[in-house]
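Fold and contact review
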Amino acid sequence: MAVDSFTGKLAAITGGGSGMGRELARQLAAQGCSVAACDLNADAVADTAAAARAGAPPGVRVTSHTCDVSDEAQVLRFRDELLTGHATDHVDLVFSNAGIGGGSSFITDSRQEWERTFAIDWWGVYYCARAFLPLLIASSDGVLVNTSSVNGFWASLGPGVPQTAYSTAKFAVKGFSEALIEDLRAHAPHVRVAVVMPGHVGTDIIANSFRARGLPEPEHMSDAQLEELIPRDTQAELIRAGLLAQDAPADELRQMLVRANADFRDKAPVSAAEAATIILDGVRSGAWRILVGEDAKMIDAAVRAKPEASYDYAELFSAPAEEPAAGAPEE
Ligand SMILES: NC(=O)c1ccc[n+]([C@@H]2O[C@H](COP(=O)([O-])OP(=O)(O)OC[C@H]3O[C@@H](n4cnc5c(N)ncnc54)[C@H](O)[C@@H]3O)[C@@H](O)[C@H]2O)c1
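None of the values given here were measured: they were computed from a predicted structure. (Residues numbered from 1 in each chain as written. Predicted model: local features only at pLDDT ≥ 70, side-chain atom pairs only at ≥ 80, totals over all residues. Heavy atoms only, no water.)

Some words on the nonpolar core
Counting 33 residues, the largest nonpolar core has Leu28, Leu93, Phe95, Ile279 and Val283 as the members making the most contacts within it. Every residue in contact with Val283, bar those within four places of it in the chain, is listed here: Val3, Phe6, Leu93, Phe95, Val143, Val145, Arg192 and Ile290. Counting residues in hydrophobic clusters, the runner-up holds 30 residues, among them Leu10, Ala12, Ala36 and Leu136. (Core = buried A, V, L, I, M, F, W, Y, C linked by side-chain atoms within 4.5 Å. Buried < 20%, exposed > 50% of the residue type's maximum accessible area, 1.4 Å probe, protein only. Contact = heavy atoms within 4.5 Å.)

Here it is in structure tokens:
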């Protein structure tokens with residue numbers, strides 16, 4: 001079920017205040033699609049709405065809403081505000097995009113951080129599906145677009161970098177989305193679901209994740225907050241890897257966090273705007289799995305080719321054995 005055009009449709013977007021959510025809002029509005037965008041950060045999503053309105057043709061309505069997707073009552077309030085603000089009884093597109101990182105280690109990170117990450121990345125997607133699926137069913141051809149990650153099929157970030165809360169949630173998002181394919185076919189065949197699996201996309205997700213966990217900007221973090229974020233054993237690993245000087249003052253750790261966010265955003269192979277275009281092209285084409293970036297495609301291919309080597313990184317990313325050319329002499 002391809003979509004010819006987004007013109008005249010209405011999209012709900014979560015996490016619309018930054019990154020891919022902001023770019024989805026801008027690009028959809030520019031293509032004549034009305035948008036209701038929500039975010040934890042009210043000012044950021046209001047800025048998104050203003051930018052989207054500025055680039056939209058006449059007749060497009062863009063609204064911004066404050067909502068924590070991990071709280072079902074707030075998701076229902078966002079839905080109700082959308083229905084009133086857009087004077088509608090249905091939605092054509094839902095982008096469940098809000099997400100944060102954190103809770104990397106089940107062993108050393110706090111239970112609070114782990115559960116906050118899981119609540120946003122999984123329960124947020126679940127509550128949005130509960131709230132918005134009836135509105136997609138009420139449309140003539142609805143699409144639910146859930147954002148997972150490469151960590152939805154590969155539960156690590158490489159040697160020494162576990163990713164437990166995020167991966168658990170993102171696997172759930174992928175599993176839920178895939179399970180909905182048959183459910184929708186059987187019970188609401190005019191609605192479909194797509195799952196987005198980005199690799200590294202240049203956004204402020206590191207800084208926004210701190211904020212969503214109630215932490216201040218890195219420059220204003222207390223020594224105790226820094227130590228909770230980067231425990232002593234992680235600091236020791238950073239020193240061993242030459243990324244942090246021995247006996248570095250706390251301010252150096254704060255600067256390291258600022259740099260980490262800027263590098264993640266500015267040195268990514270795919271920008272947020274490029275990612276949004278890939279996502280919208282995927283939705284338009286009728287795809288149900290949308291991989292964003294060559295890194296995502298490479299990891300997907302590697303994990304499928306060598307599932308047992310998924311966490312044996314040297315083996316996983318080693319070049320596949322070359323087939324001997326036809327007629328080549330046997331060694
Ligand atoms: N950037 C990447 O490399 C990457 C890779 C794979 C998957 N993803 C996923 O893509 C999605 C978008 O990420 P991004 O990189 O654009 O991040 P981002 O931080 O730029 O944007 C995410 C937005 O979600 C908002 N948000 C956070 N918690 C929220 C909550 N509880 N309720 C409502 N809004 C909330 C943030 O305030 C932020 O504005 C996320 O689900 C993320 O996990 C990102």
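We are not done yet, so read on.
Looking at the side chain of Gln235
Tracing the sequence through the fold places Gln235 in helix H8 (residues 232-240). In this structure, Gln235 is in contact with Ile230, Leu244 and Leu253, ignoring residues within four places of it in sequence. (Helix = DSSP H or I, 4+ residues; strand = E, 2+ residues; numbered from the N terminus.)

Quick notes on the site of the ligand
Surveying the vicinity of the ligand reveals 29 residues, the closest of which are Ser18, Asp39, Asn97, Tyr166 and Thr203. Measuring from an oxygen atom of the ligand, one finds a backbone N or O atom of Gly199 at 3.2 Å. Protein burial of the ligand: of its 820 Å² of free accessible surface, 97% is covered by the chains. Put simply, the parts of the chain that give the shell around the ligand at least two residues each are helix H1 (19-30), helix H5 (164-187) and helix H6 (205-212). (Near = heavy atom within 4 Å. Polar contact = N/O pair within 3.5 Å; in protein donor to acceptor, adjacent residues only side chain to side chain. Areas by Shrake-Rupley, 256 points an atom, 1.4 Å probe, with all protein chains shown as cover.)

Observations regarding the environment of Asn151
Residue placement: Asn151 occurs in the loop between strand S5 (143-147) and H5. The exposure class assigned to Asn151 is buried, which follows from its relative accessible area of 3%. For the pair Asn151 and Ala236, spaced 85 residues apart in the sequence, the C-alpha separation amounts to 26 Å. Beyond its immediate chain neighbours, meaning those up to four positions away, Asn151 contacts Ser156, Leu157, Gln163, Tyr166, Ser167, Lys170 and Phe171.

Some remarks on the sheet that holds strand S4 (residues 93-96)
Spatially, S3-S2-S1-S4-S5-S6-S9 is the arrangement adopted by the 7 strands of the open sheet, whose pairing is parallel. The outermost strands of the open sheet, each flanked by one partner alone, are strand S3 (62-66) and strand S9 (289-292). Averaged over all neighbouring strand pairs, the angle between strand axes comes to 15°, with direction disregarded. Where strand S1 (residues 10-14) meets strand S2 (residues 34-39), 5 bridges bridge the pair, whose relative direction is parallel. Residue pairing for S2: Ala12 is matched across the bridge by Ala36. Along the sheet face, helix H2 (residues 42-54) touches S2 and S3 and points at about 175° away from the line of S3. Contacting S1, S4 and S5, helix H4 (residues 111-137) crosses the sheet at an angle of about 180° to S4. (Pairing = 2+ DSSP bridges. Axes fitted to C-alpha atoms, helices over the stretch in contact; angles between N-to-C directions.)

Considerations on H4
Between its terminal C-alpha atoms H4 stretches 37 Å, which fits the 39 Å expected from 27 residues at 1.5 Å a residue. Maximum bend of H4: about 40°, positioned at Ala131, with proline Pro134 one to four residues after it. (Expected span 1.5 Å × (residues − 1). Bend = angle between axes of the 7 residues up to and from the residue.)

Here's the deal with the pattern of salt bridges
Think of it this way: side chains of opposite charge can pair up when their charged atoms draw near. According to the stated counting rule, one finds 21 salt bridges in the structure shown. Residue Glu113 pairs with Arg213 through a salt bridge whose shortest N-O separation is 3.6 Å. A residue pair is termed long-range when its members are at least 10 positions apart, and Glu113 in helix H4 and Arg213 in the loop between H6 and helix H7 (223-229) qualify at 100 residues. For Lys267, the salt bridge identified is with Asp263, shortest N-O distance 3.6 Å. For Lys267, a relative accessible area of 61% translates into the label exposed. Each of Asp204, Arg265 and Asp266 takes part in a single network of salt bridges with overlapping partners. (Salt bridge = Lys/Arg side-chain N within 4 Å of Asp/Glu carboxyl O.)

Quick word on the packing of aromatic side chains
Scanning all chains against the criterion turns up 11 aromatic pairs. Look at Phe78 and Phe132: their rings are 5.5 Å apart centre to centre, the planes differ by 65°, and that puts the pair in the edge-to-face class. With Phe78 in helix H3 (residues 72-85) and Phe132 in helix H4, the pair connects residues that are 54 residues apart, well separated along the chain. You can call Phe78 buried: its relative accessible area is 1%. The exposure class of Phe132 is buried, given its relative accessible area of 1%. Where Phe106 meets Trp114, the ring centres are 5.6 Å apart and the plane angle is 80°; that geometry is what we call edge-to-face. Residue classification places Phe106 among the exposed positions, given a relative accessible area of 63%. Its relative accessible area of 15% is what places Trp114 among the buried residues. Chaining the aromatic ring pairs together yields one cluster made of Trp122, Trp123, Tyr126, Tyr127 and Phe176. (Phe/Tyr/Trp six-rings, centres within 6.5 Å; stacked < 30°, edge-to-face > 60°.)

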